[in-house]
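Working through the structure, step by step
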Amino acid sequence: MTCFIDVILPIPLEKLFTYKISEAEADFLKPGMRVAVPFGKSKIYTALVYQLHSNPPVVYEAKEIDQILDETPIITSKQLEHWFWLSEYYMCTVGEVFRAAVPSAFLLESETVISKNECFDTPEEGLEDDEWLVFEALQHQSILKVHEISSIVERKNVLPVLKRLLEKNIINIKEEIYEQYKPRLVKYVKLHSNYTSDEELNKLLDQLSRANKQKEALLSFFSLSATTKKPVKAKDLEEKSKVSNSVLKALVNKNILEEFYIQKDRINYEGETEETKTLNEHQENALSEIKENFKKYDTVLLHGITSSGKTEVYVKLIEEIISKNKQVLYLLPEIALTTQLISRLQNYFGEKVSVYHSKYSVNERVEVWNNLLNNSPKARIIIGARSSVLLPFTNLGLIVVDEEHEVSFKQFDPAPRYHARDAAVVLAKIHGAKVLMGSATPSIESYYNTNTGKYGLVEIKQRFGNVLLPDMELVDLKEKYRKKLMKGHFSDRLTEEMEEALSNGEQIILFQNRRGYAPIVECNTCGHSPQCPNCDVSLTFHQYKKQLRCHYCSYSIALQPACMACGSSDLDTKGFGTEQVEEEVKQLFPDVKTARMDSDTTRGKYGYEKVITAFEQRETDVLVGTQMLTKGLDFDNVSLVGIMNADTMLNFPDFRAHERCFQLIQQVAGRSGRAGKRGKVIIQTYNPYHQIMQQASMNKYTDMFTDQINERRQYKYPPFYRLIKISFKHKDYNKVNEASYWFSSSLRNMFGRKSNIEILGPEFPPVSRIRNEYIKNTLIKIPPHQSIKNIKAVVKKTGNSFNSIAQYRSVRVIINVDNY
Ligand code: ADP
Ligand code: ZN
Ligand code: ZN
């Protein structure tokens, strides 16, 4: 009998591809194992076995496979089920899901670049002949392509030998490797707890009257801590008192001073674990309600205000699940921003926590993958960003979706364009697991699902330790400008509050959702403002580098001293970004240490960690940043948050703009006053009476929800209508116009006039050209109770006819389902 396999290739093919296998191979192969297969004229791909059968393909002659790559399946049947759901729902190929899901080491192919693993010197045990050849070649040449290795070992199929070398840790797949960051420890000194009263202090100074240096150091210590009101760094004290380190040591040895570090360990877990915290009454209630709700619902939304202690509630639930040897997935919107959480969980669960992230090295990712497959105790809790919903869970019990409202759970590019929160719900269903979503500002969709009885709802309305929510004050910018109470972009109220916080030795966060110095440079004589030659946007002025830069394509030019159109030197800037805010802080408060957190300052290696650590260690007083600041950060000394201009968030041309504005304000505000003291938030706005500003400043989540859900219903948006966005991209303006018009009118014809499916567009988006490609969008709005499956089939069919028209074939068509 002739045997065949259908395989998934990691490329955008609509269909599975069929290969011929021998009977012996048929006995060995199982779905979920990898095989190396020839494809096209000369390519070799790693493919995934989907099924075995005995039906030859009709339209082509099946080729034979080259090689079997696995002994046992590396993909589970549940994973495959999930992947097929993703590909159908999000209208992409299952090959694209395959590629997105597995570590690149699993996908060796002809163009893969191989390099030597530098940590590895000489092979300890004997290498096989072909392994030696590759190993030797890499001693002379640091990187090799797979096809070059082919000629070295004189064999076409080299994937097996590379696989063996990878397993022996001798080679790496070339890619960016993420290294771990260990912050420098800063040493502080404080007075030993023996000396609390003036009496004891006087005695002490008398005692020290003969140890002059020590006395001097101590007096300097008092003056330093009195003037800065901040913890005193050992180094500063040495400098100020001009004594050596040994003098300080002597004071420490005499139990007069104490040394300490302000440092939160991150990532690297070493050593002991802690008991999980005892929940307070509100948390305890929430936990038991969650468990009660899980009897009825598969998904529960935990709506708990910022700092209500949601994380500790998750922790208790996780503890229970893993005690039954089940796996937990802890989903986060962006892992780079969440080192704080990782160390928190590792403190409780130690080695049972694994992190899965594309910035980790291939080896680490492969290890997590295999641990999950084997249900190893090391992979009980996986902390991951969105792609971790694609992992091979074997015994999944719970998925926590933290900050479920975050838009970054949705992948935009490339396919699969999936929403990890929604994909998590489906994944849990496949495994019979539960989902706990949490947020202080739930998305309209999720909250609506609790109203309709699809999800359970549990609330925590008190902050932990009964700390009050921050006091939020709206400041009317129009009025402040009229009364001349502004200094730069700072109102008198903001500067007053800043002065107070700084004099108390407390820290400040200033939020401005725009980076750079100013988004527009304009000539006062002729009105010209420099535009990006590749994109349809103005260039943003970056003062630090004296550059004009495009935020869409990174094009940049040096700032010109005169207008490029008319030559006038009377230039002006419009709008302002984080760079300008930081500069103004320095002018207003010359002695204050500032730092900036946006994608300009956090780009380099560890850029983000450095900024955060310096702030945690109180080396910086004022942190200026973009929305990066809102995500999952917990600082204990921030008493003031200033929102420089809340209106920029309000004016996005998006049906979610109001919801997002509310969430951003509430989330940044939540960074204020977390440890024992009520925080203050100053919101500067031109629209202090706008409903969203009112609701956000008064913590009226349900009012916001009611308004928004009514608008969504009225204007036919999610969760009532579903959206599919189709984008057309091409460098030829006319082609984009014609092609998008053809596609949209075909859709209109296919759906017919009577159906209440709405086709909007094609229209140019606000930025209609990026990197020299013109963009036009068509939006399909699908009313409730329509077969979404049929509609997608129509879209697909239209796409196929479109692709058969020669002059349109070069137009890129991008389909985005549930375009959030
Ligand atoms: P949320 O996730 O709701 O913003 P967190 O879980 O981060 O809140 O808790 C806020 C702060 O309160 C954290 O510093 C946390 O350590 C502390 N905390 C929360 N619950 C407890 C508890 N039961 N015992 C002690 N500290 C707690
Ligand atoms: Zn000009
Ligand atoms: Zn550009």
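It should be emphasised that the depicted structure is a prediction, and the values quoted were computed from it without experimental measurement.

1. Section: helix α25 (residues 733-751)
In an α-helix there are 3.6 residues to a turn, and that puts residues three or four apart on one side. Counted at 1.5 Å a residue, the expected span for α25 with its 19 residues is 27 Å, and the 27 Å between its end C-alpha atoms agrees. Of all the positions in α25, only V736, N737, A739, S740, F743, S744, S746, L747 and F751 are classed as buried. Buried residues along α25 sit against β33 (722-730), β34 (758-763), β36 (773-782), α26 (788-803) and β37 (812-817). Positive backbone phi, approximately 75°, marks G752, located one or two places after α25.

2. A short note on the coordination of the zinc ion (ligand 3)
The zinc ion (ligand 3) binds to the protein through C532 (SG), C535 (SG), C550 (SG) and C553 (SG); the donor distances cover 2.2 to 2.4 Å. Angles of 105 to 112° at the metal separate the four donor atoms of the zinc ion (ligand 3), which places the site in the tetrahedral class. Binding-site remark: the zinc ion (ligand 3) is held by donors from one chain whose sequence spacing is C-x2-C-x14-C-x2-C. With C535 in the loop between β24 (520-523) and β25 (540-542) and C553 in the loop between β26 (547-549) and β27 (556-558), this pair connects stretches of sequence that are 18 residues apart. Accessibility expressed as a relative area gives 1% for C535, which makes it buried. Under the relative-accessibility criterion, C553 is labelled buried at 13%.

3. Here we look at the UniProt feature "binding site: Zn(2+) 2" (unreviewed entry) in the protein
The positions UniProt marks with the feature "binding site: Zn(2+) 2" (unreviewed entry) are C532, C535, C550 and C553. Their sequence span is 22 residues, while the largest C-alpha to C-alpha distance among them is just 8.7 Å; these annotated residues converge on one region. The buried category is assigned to C532, whose relative accessible area is 3%. C532 has contacts with V537, L539, C550, C553, Y555 and R769, leaving out every residue within four places of it along the chain. In this structure C553 touches C532, N534, C535 and R771, once residues within four positions along its chain are discounted.

4. Quick look at the packing of helix α12 (residues 310-323) against helix α13 (residues 339-349)
At a minimum axis distance of 11 Å, the contact between α12 and α13 shows a crossing angle of 45°. Compared by their axis directions, α12 and α13 come out oblique. As for how α12 packs across α13, the hand of that crossing is right-handed. In this structure, α12 contributes T311, E312, V315, I318, E319 and I322 to the contact, and α13 contributes L341, R344, L345, Y348 and F349. For the contact of α12 with α13, the per-class residue count stands at seven nonpolar, one polar and three charged.

5. Some thoughts on the coordination of the zinc ion (ligand 2)
Here the zinc ion (ligand 2) is held by C523 (SG), C526 (SG), C563 (SG) and C566 (SG), and the distances to it run 2.3 to 2.4 Å. Each of the four donor atoms bound to the zinc ion (ligand 2) contributes to angles spanning 106 to 112°, and the resulting shape is tetrahedral. As a motif over one chain, the donors of the zinc ion (ligand 2) read C-x2-C-x36-C-x2-C. Pair noted here: C523 is in strand β24 and C566 is in the loop between β27 and β28 (571-574), with a separation of 43 residues, a long-range link. On the accessibility criterion, C566 (40% relative accessible area) is partly exposed.

6. So, the environment of D536
Locating D536 in the fold gives a position in the loop between β24 and β25. The class of D536 is partly exposed, set by a relative accessible area of 34%. Beyond its immediate chain neighbours, meaning those up to four positions away, D536 contacts P766, V767, S768 and R769. At 2.9 Å, the side chain of D536 and the side chain of S768 are in polar contact.

7. A few points about the pattern of salt bridges
Enumeration over the complete set of coordinates arrives at 34 salt bridges. Taking the shortest distance from any N to any O, the salt bridge between E496 and R493 comes out at 2.6 Å. One end of the pair is E496 and the other is R493, both in helix α18 (residues 492-503) and three residues apart, which spans about a single turn. Classification of E496 by relative accessible area gives partly exposed; the value is 39%. You can call R493 buried: its relative accessible area is 19%.

8. Here's the deal with the sheet that holds β26
Spatially, three strands are ordered β25-β26-β27 in an open sheet, and the strand pairing comes out antiparallel. Of all the strands in the sheet, just β25 and β27 have a single pairing partner and so form its edges. Across the sheet, the axes of successive neighbouring strands diverge by a mean angle of 30°, strand direction being ignored. Direction of pairing for β25 relative to β26: antiparallel, over a ladder of three bridges. Bridged to H542 within β26 is Q547.

9. Some details on the packing of aromatic side chains
Scanning the model with the defined rule gives 30 aromatic pairs in all. When the ring of Y314 is compared with that of Y330, the centres are 5.8 Å apart and the planes differ by 80°; the resulting orientation is edge-to-face. Note that Y314 is positioned in helix α12 and Y330 in strand β14 (residues 327-331), a separation of 16 residues in sequence. Residues Y447 and F705 carry aromatic rings whose centres are separated by 4.8 Å and whose planes lie at 65° to one another, so their mutual orientation is edge-to-face. Residue Y447 is located in helix α16 (residues 444-451), and its partner F705 is located in helix α24 (residues 701-714); the two are separated by 258 residues in the primary sequence.

10. Notes on the side chain of K729
Tracing the sequence through the fold places K729 in strand β33. Look at K729: it is buried, it has no salt bridge, and the nearest opposite charge is D413 at 4.7 Å. Excluding residues within four positions of it along the chain, K729 makes contact with V736, E773, Y774, I775, S810, V811, R812 and I814.

11. A word on the pairing of strand β30 (residues 622-625)
Neither face of β30 is open: one carries V622 and V624, the other L623 and G625, and all of them are buried. Where strand β29 (residues 594-597) and β30 come together, four bridges link them in parallel fashion. Residue pairing for β30: M597 is matched across the bridge by G625.

12. Quick word on the site of ligand 1
The environment of ligand 1 is made up of 16 residues, and the closest members are T278, Q283, S307, T311 and R344. Between S307 and ligand 1, the recorded distance is 2.8 Å, taken from a backbone N or O atom to an oxygen atom. In this structure, G309 approaches ligand 1 through a main-chain N or O atom, which is 3.0 Å from an oxygen atom. Protein coverage of the free-state accessible area of ligand 1, which is 550 Å², stands at 80%. With three residues, the single largest contributor to the shell around ligand 1 is α12.

13. Considerations on unusual backbone geometry
Residue P416 is reached from A415 by a cis peptide bond, and omega for that bond is 0°. Here P416 shows up in the loop between β17 (396-402) and α15 (420-431). With an omega of 10°, the peptide bond running from G761 to P762 counts as cis. Position of P762 among the secondary structure elements: in strand β34.

About the thresholds
- Residues numbered from 1 in each chain as written.
- Chains lettered and ligands numbered in written order.
- Predicted model: local features only at pLDDT ≥ 70, side-chain atom pairs only at ≥ 80, totals over all residues.
- Heavy atoms only, no water.
- Helix = DSSP H or I, 4+ residues; strand = E, 2+ residues; numbered from the N terminus.
- Expected span 1.5 Å × (residues − 1).
- Buried < 20%, exposed > 50% of the residue type's maximum accessible area, 1.4 Å probe, protein only.
- Contact = heavy atoms within 4.5 Å.
- Donors = N, O, S within 2.8 Å, 3.2 Å for Na, K, Ca; no water.
- Tetrahedral: all angles 85-135°; square planar, octahedral: opposite > 155°, others 65-115°.
- UniProt positions renumbered as here; feature names shortened; annotations may be inferred.
- Axes fitted to C-alpha atoms, helices over the stretch in contact; angles between N-to-C directions.
- Parallel < 35°, antiparallel > 145°, perpendicular 65-115°, else oblique.
- Left-handed = near helix turned anticlockwise from the far one by under 90°.
- Nonpolar A, V, L, I, M, F, W, Y, C, P; charged D, E, K, R; others polar.
- Polar contact = N/O pair within 3.5 Å; in protein donor to acceptor, adjacent residues only side chain to side chain.
- Salt bridge = Lys/Arg side-chain N within 4 Å of Asp/Glu carboxyl O.
- Pairing = 2+ DSSP bridges.
- Phe/Tyr/Trp six-rings, centres within 6.5 Å; stacked < 30°, edge-to-face > 60°.
- Lys, Arg positive; Asp, Glu negative; His and termini not counted.
- Near = heavy atom within 4 Å.
- Areas by Shrake-Rupley, 256 points an atom, 1.4 Å probe, with all protein chains shown as cover.

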